[in-house]
Amino acid sequence: MKRVVCPYCGFGCNLLVDPVTLEVKPYKGEPNLGKLCPKGLHSVEIVKSKARLKRPLKRVGSSMIPIAWGVAIDEIASRLLEMRELYGPDAVAFLASSKVSNEENYLIQKIARLFGTNNIDNCARLCHEASVHALKLSLGTGAQTNPYEDISKFKSVLIWGYNPAETHPVLMDYILRAKRNGARIIAVDVRETRSMAFADYKLVIRPGTDIVLANALAHVIIEEELYNEEFIRSRTTGFSEVRMAVKKYTPEYAETVTGVPTEMIKEVAREFALAGSGAVMWGMGITQHVSGVENALALINLTLLLGYLGERGGLYPMRGQNNVQGAAYMGALSEFLPGYVPLTDEKFRKKVAGLWGVDDLPTERGLYLTELWDAVEKGDVKALYIVGENPAVSEADFMRVRRALRKLDILVVQDIFPTRTARYAHYLLPASAFCEKGGSYMNSERRIQWSEKACEPAYDSKPDWEILTMLGRALGLPGFNYTSVEEITAEYFRLFPELEEKSVEELKNSNGIFLPKKRLHTWEFATPDGKARFMAVERIAPWEGPDDEYPLVLTTVRLIGHYNTGEMTLRSPPLVKLMGEPRALISREDAERLGIKSGDLVEIETRRGKIRMRAEVENVPRGLVAVPFHFKANRLTSSALNKAGTPELKFAAARVRKT
Ligand SMILES: Nc1nc2c(c(=O)[nH]1)N[C@H]1C(S)=C(S)[C@@H](COP(=O)(O)OP(=O)(O)OC[C@H]3O[C@@H](n4cnc5c(=O)[nH]c(N)nc54)[C@H](O)[C@@H]3O)O[C@H]1N2
Ligand SMILES: Nc1nc2c(c(=O)[nH]1)N[C@H]1C(S)=C(S)[C@@H](COP(=O)(O)OP(=O)(O)OC[C@H]3O[C@@H](n4cnc5c(=O)[nH]c(N)nc54)[C@H](O)[C@@H]3O)O[C@H]1N2
Ligand code: SF4
Ligand SMILES: [Mo]
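Residues numbered from 1 in each chain as written. Chains lettered and ligands numbered in written order. Predicted model: local features only at pLDDT ≥ 70, side-chain atom pairs only at ≥ 80, totals over all residues. Heavy atoms only, no water.

Draft legend 1. The arrangement of the pairing of strand S17 (residues 410-415) in detail. Where burial is concerned, most of S17 is hidden: 6 out of the 6 residues are buried. Burial along S17 is two-sided: Ile410, Val412 and Gln414 and Leu411, Val413 and Asp415, pointing in opposite directions, are all buried. Here strand S16 (residues 383-387) runs beside S17; their pairing, made up of 5 bridges, is parallel. Bridge assignment links Tyr385 to a residue of S17, and that residue is Val412. With 4 bridges joining them, S17 and strand S18 (residues 427-430) adopt parallel strand pairing. Paired with Val412 across the bridge in S18 is Tyr427. (Buried < 20%, exposed > 50% of the residue type's maximum accessible area, 1.4 Å probe, protein only. Helix = DSSP H or I, 4+ residues; strand = E, 2+ residues; numbered from the N terminus. Pairing = 2+ DSSP bridges.)

Following this line, the structure appears as structure tokens:
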């Protein structure tokens, strides 16, 4: 059996894949401890699918015709060089993929930067980038602080805007173990989720009011002197500003804004503070708002008040895609070099440049993925090279993205499937799927895991690293002579002091390596003075509130058997069968008012557009309509961005009618 990292979520389960039959079994060791969710179990359906991209294709008029690999790469390289010649390097942009290995992400950002641009980004921008910015501001590093194993030891678990029962199902075992060990489970969401089934406290709040609730919890903790004075004094700065700021967030006021009863706010604050240790876990309900960065800061403040870090707690911004954490560490973001190092850090930048055989690298921040489309409309960006992303479906208000994609002089899409985005491509390159290639991936707890090759690439596909090596060479960039994926692993190891002494063999023979280490901030924070910074935050209103015309609030959510834009799961017959037809959830009160019954076809409309879907009358609060994101939800969503460049995918004014 070959040990392979699951191609879906960032929890990072290992699958044991039989190279002959492709049968999948769960790995017994960490992190999944013998468990898999349905997506992992059926993951090889991707490999078997007849819909796979089979050979390189080139657009000629309105049709796509086969083209040889060598010719395709040479043509793409010469078109990109021509664009650089005519308009400068920033007229070209690259999108990396949270679905491909560390090595592959490392190569994409290396190509972009050697080509001369920091226009390199990935879907982390639509996801946890707000958490990264908040964590960097307050703690100095942007990632999850503790390993999963700690969750089971803590005496409280706060699950906020996050629904792991659907999105990281295997992690639920760790949370349930904590509960069996006596931990209090507190869950906050805008509706009663499946993750709330085992929660001691279920806090259903009005969408977009998270800061008010978090500040009210801080208010009670401070008023009742339940905070950790010693920790605050010795390890933090900025407490007095937060103390001042949360004064007006009384539980009574918070009740009027969030809908959570005053007494419940007080009780939860006390339970959480007196537990003595705690995990604070959050997801897209926090980040995908115009207040995303501030939402995350409000949760970090709560943690700092109680000193829930190191051995006593941890911050868990649970990462979404199987290698989104790795993509960030490899530098596939427009504002960071590898290891989240700022572009302005001259010493590190020169070190990277030296390793790559050049004097220096571009220092201006590149475009965020979410800024690209306007730049294309304005004519600033002419060419886009996309590896394993599907923005024509995943981006907010996708009609404007599709318009921009159509306008590009050159669009290259490198994927395993003919995606919705691929319809606009001038060149379509078939990549090999997860278990058809070897490489390393990093899960949410920052564990780098080796994924073995279990079978040969399907059809005429090639592993992404091979395609990128060919491209780098055709572009005339130095050092693109890799003949094995391990050579790339060894190269990126040299960028991190913690890995410098390690060999690729050690990684392969291990159960993963934590980068930079298992637990962060046990004694010191990564800020210049070594202290964590409290950051006072105030309530921020959503960009587009409901009104008479669009009286409901639309939010978008995930389902266990569907994945992101559906390109992978919708091609997996067992998952499609398991899930049935998707439904939009609306409350009993609204359904009654609108004359809607479960199973009725309804039209959901916002100022961007409308979609049709069957309705499910559920136990969701009045005024909310929750639509699964995996289909056409982004026909509706708002593209208003927060400070980290993430759109408000969780809040838009909407109306619903029976069709
Ligand atoms: N099955 C499955 N698993 C996945 C994925 C998938 O598509 N399918 N995708 C992966 C990826 S990329 C990611 S990023 C993760 C995401 O994992 P999650 O963050 O768990 O996913 P979501 O369902 O998008 O959002 C979480 C919750 O936010 C709530 N919410 C909406 N608005 C608000 C609000 O204003 N306040 C609060 N407190 N909550 C709100 C929603 O009701 C929802 O239950 O999942 C990963 N795992
Ligand atoms: N309304 C709404 N919109 C959202 C969200 C939401 O909650 N609500 N969530 C946002 C979030 S958190 C995220 S992460 C984004 C996700 O946005 P995307 O990353 O655009 O979506 P995916 O469907 O995960 O696309 C991954 C692509 O990678 C391809 N792929 C898989 N394996 C490989 C491989 O080995 N090589 C190559 N080359 N390609 C491969 C797949 O076929 C697929 O086309 O969506 C965002 N959009
Ligand atoms: S929990 Fe995530 S990593 Fe584990 S099998 Fe399911 S999708 Fe794969
Ligand atoms: Mo994500």
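Moving on, there is more to tell.
Draft legend 2. Spotlight on the pattern of salt bridges. Overall, the coordinates contain 49 salt bridges when judged by the stated rule. We note a salt bridge from Arg125 to Asp121, for which the minimum N-O separation is 2.8 Å. Across this residue pair, the class does not change: Arg125 and Asp121 are buried. Among the salt bridges present, the one from Glu544 reaches Arg608, with a minimum N-O distance of 2.9 Å. (Salt bridge = Lys/Arg side-chain N within 4 Å of Asp/Glu carboxyl O.)

Draft legend 3. Region of interest: the site of ligand 3. In the vicinity of ligand 3, the contacting residues are Cys6, Tyr8, Cys9, Gly12, Cys13, Leu36, Cys37, Lys39, Gly40, Pro169 and Val170. When the residues that make up the shell around ligand 3 are grouped by side-chain class, the tally is 8 nonpolar, 2 polar and 1 charged. (Near = heavy atom within 4 Å. Nonpolar A, V, L, I, M, F, W, Y, C, P; charged D, E, K, R; others polar.)

Draft legend 4. How the structure looks around the packing of helix H5 (residues 129-139) against helix H15 (residues 292-306). Running from amino to carboxyl end, H5 crosses H15 at an angle of 45°, the nearest separation of the two axes being 8 Å. The angle between the axes of H5 and H15 places the two elements in the oblique class. Every pair of crossing elements has a handedness; the one defined by H5 and H15 is right-handed. Residue-level contacts link Ala130, Ser131, His133, Ala134, Leu135, Leu137, Ser138 and Leu139 of H5 to Gly292, Val293, Ala296, Leu297, Ile300 and Leu304 of H15. When its residues are assigned to classes, the contact of H5 with H15 shows 10 nonpolar, 4 polar and no charged. (Axes fitted to C-alpha atoms, helices over the stretch in contact; angles between N-to-C directions. Parallel < 35°, antiparallel > 145°, perpendicular 65-115°, else oblique. Left-handed = near helix turned anticlockwise from the far one by under 90°. Contact = heavy atoms within 4.5 Å.)

Draft legend 5. Looking closely at the site of ligand 2. In the region of ligand 2, 34 residues are neighbours, and Asn390, Ser394, Asp415, Thr565 and Asn634 sit closest. Take Gln414: an N or O atom from its main chain is 3.0 Å from a nitrogen atom of ligand 2. A distance of 2.9 Å separates an oxygen atom of ligand 2 from a polar side-chain atom of Arg558. Protein coverage of the free-state accessible area of ligand 2, which is 920 Å², stands at 98%. Its residues assigned to classes, the shell around ligand 2 shows 13 nonpolar, 13 polar and 8 charged. Here the shell around ligand 2 gathers at least three residues from each of two domains, domain 1 (2-125 + 322-420 + 432-514) and domain 3 (552-658). (Polar contact = N/O pair within 3.5 Å; in protein donor to acceptor, adjacent residues only side chain to side chain. Areas by Shrake-Rupley, 256 points an atom, 1.4 Å probe, with all protein chains shown as cover. Domains from an automatic or database assignment.)

Draft legend 6. Looking closely at the packing of aromatic side chains. For the coordinates displayed, the defined rule picks out 18 aromatic pairs. Between Phe11 and Tyr148 the ring centres are 4.4 Å apart and the planes differ by 15°, which places this aromatic pair in the stacked class. In this pair, Phe11 is assigned in the loop between strand S1 (2-5) and strand S2 (14-17) and Tyr148 in helix H6 (residues 148-151), connecting sequence segments 137 residues apart. The class for Phe11 is buried, based on a relative accessible area of 1%. Ring geometry for Tyr106 versus Tyr492: centroids 6.5 Å apart, planes at 45°, classification tilted. You can see Tyr106 sitting in helix H4 (residues 102-115) and its partner Tyr492 sitting in helix H22 (residues 485-493), a full 386 residues away along the chain. Overall, the relative accessible area of 0% leaves Tyr106 in the buried class. The class for Tyr492 is buried, based on a relative accessible area of 0%. (Phe/Tyr/Trp six-rings, centres within 6.5 Å; stacked < 30°, edge-to-face > 60°.)

Draft legend 7. Region of interest: the domain arrangement of the protein chain. For the protein chain, the assigned domains are domain 1 (2-125 + 322-420 + 432-514), domain 2 (129-318) and domain 3 (552-658). Put simply, the middle of domain 1 and the middle of domain 2, counted by C-alpha atoms, are 33 Å apart. Contacts between the two partners involve 25 residues from domain 1 and, on the opposite side, 23 residues from domain 2. A per-residue breakdown of the area domain 1 buries against domain 2 is headed by Phe11, Tyr340 and Ser444, which together make up 30% of the total. At the surface where domain 1 touches domain 2, the tally comes to 2 salt bridges. Of the charged contacts in the structure, one is a salt bridge between Arg125 and Glu129, with a shortest N-O distance of 4.0 Å. Scanning the region where domain 1 abuts domain 2 turns up 11 residue pairs in polar contact (both at pLDDT 80 or more). (Buried area = accessible area lost by both parts, 1.4 Å probe.)

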